[in-house]
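# Residue-level structural notes
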Amino acid sequence: MLLRIYWLWTHNDLLPKDGLADDAVTLLDYADTWLTEKRGIHVKLRRWAVKIMSFVISANRLVILTQSHHLRKIIEGKFAIQPLPRPTTTPYRCNFSSENVRVALDATLAGTTYCTAEWNEQRESFIARLRNGLKDSVDRLKPTVHAELAMIMAMFKGEVQQVLPYIGVSKLSCIMCTHYIQAFNDVTGQKIVVKCTHGKAYPGWFWPNLPPVTEKFVKPF
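Presented here is a report on the structure given in the accompanying data block. Since the structure is predicted, the reported quantities are computational estimates derived from the model, not experimental observations.

### Focus: the layout of surface pockets
Reported here for the largest pocket is a volume of approximately 2700 Å³. For the lining of the largest pocket, the secondary structure elements donating two or more residues are α3 (45-66), α7 (147-156) and β3 (166-167). The leading source of residues in the lining of the largest pocket is α3, at 11 residues.

Structure representation (structure tokens):
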């Protein structure tokens with residue numbers, strides 16, 4: 001589809017004259033806008049291109065892995081693809097009232113160097129900016145357990161066995177998953193790691209239900 005759009009543009013002089021074709025990201029954004037305005041088609045080409053390329057990158061890394069003498073023992077084993085069931089979640093409501101935000105901030109920063117004499121004024125200024133245009137509560141009717149935590153659930157329940165304690169995904173983990181994995185390691189003594197985090201948090205994030213250790217996560221998480 002991308003090739004057809006690019007061919008259409010180049011043969012009808014629809015591309016800008018500023019070297020746009022050399023910039024894939026800009027080209028995809030331009031394609032989204034053009035499809036929406038000219039054809040009435042609403043699609044996120046860049047998003048799907050990134051998803052497709054993530055598989056290409058992962059395949060390339062596997063090829064590199066096959067050339068590694070140090071990791072040859074790993075690839076001499078058997079690879080298996082095991083679909084995991086989607087964890088069930090419960091709808092929830094986030095209360096963003098000024099008082100709740102104030103309590104959360106105080107609990108988070110308690111005992112740190114951030115709690116100075118100027119903290120009260122800074123806190124109220126931050127809450128005012130945060131509350132600007134924000135509803136008192138936000139409902140999440142279909143929260144989602146991210147892929148990293150679904151894998152941890154499967155390992156914890158014994159559905160996946162004999163695996164390395166490293167979770168590799170096509171993109172970096174969100175900050176909530178990273179904190180959860182750290183808390184999971186602290187409580188269970190495991191040493192599960194991920195590559196890194198991009199530092200973002202997503203609405204609708206949900207942690208997995210892992211009785212009886214879930215209750216122990218509250219403090220470290």
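Okay, back to it.
### Observations concerning a nonpolar patch on the surface
Judged by side-chain polarity, I52, M53, V56 and I57 come together as a nonpolar surface patch covering roughly 360 Å² of accessible area. Within the secondary structure layout, V56 lies in helix α3.

### Points about α7
For α7, the set of buried residues is E148, L149, A150, I152, M153 and A154. Against the buried residues of α7 lie β3 and α8 (175-188). Trailing α7 by a residue or two, G158 shows a phi angle of about 80°, which is positive.

### Describing the packing of aromatic side chains
For the structure on display, the rule yields 4 aromatic pairs. Note on Y180 and W205: the rings are 6.4 Å apart at their centroids and 65° apart in plane angle, and the pair reads as edge-to-face. Of the two residues, Y180 sits in helix α8 while W205 sits in the segment after β4 (193-194), which places them 25 residues apart along the sequence. For the pair Y180 and W205, one class covers both residues: buried.

Reading guide: rules and limits
- Residues numbered from 1 in each chain as written.
- Predicted model: local features only at pLDDT ≥ 70, side-chain atom pairs only at ≥ 80, totals over all residues.
- Heavy atoms only, no water.
- 1 Å grid on protein atoms, 1.4 Å probe; cavity = no way out; pocket = protein on both sides within 12 Å on 5 of 7 lines; lining within 4 Å.
- Points joined across faces, edges and corners; volume = space filled by probe spheres on them.
- Helix = DSSP H or I, 4+ residues; strand = E, 2+ residues; numbered from the N terminus.
- Patch = residues over 30% accessible without salt bridge, like charges linked within 9 Å, V, L, I, M, F, W, Y side chains within 5 Å.
- Areas by Shrake-Rupley, 256 points an atom, 1.4 Å probe, with all protein chains shown as cover.
- Salt bridge = Lys/Arg side-chain N within 4 Å of Asp/Glu carboxyl O.
- Buried < 20%, exposed > 50% of the residue type's maximum accessible area, 1.4 Å probe, protein only.
- Contact = heavy atoms within 4.5 Å.
- Phe/Tyr/Trp six-rings, centres within 6.5 Å; stacked < 30°, edge-to-face > 60°.

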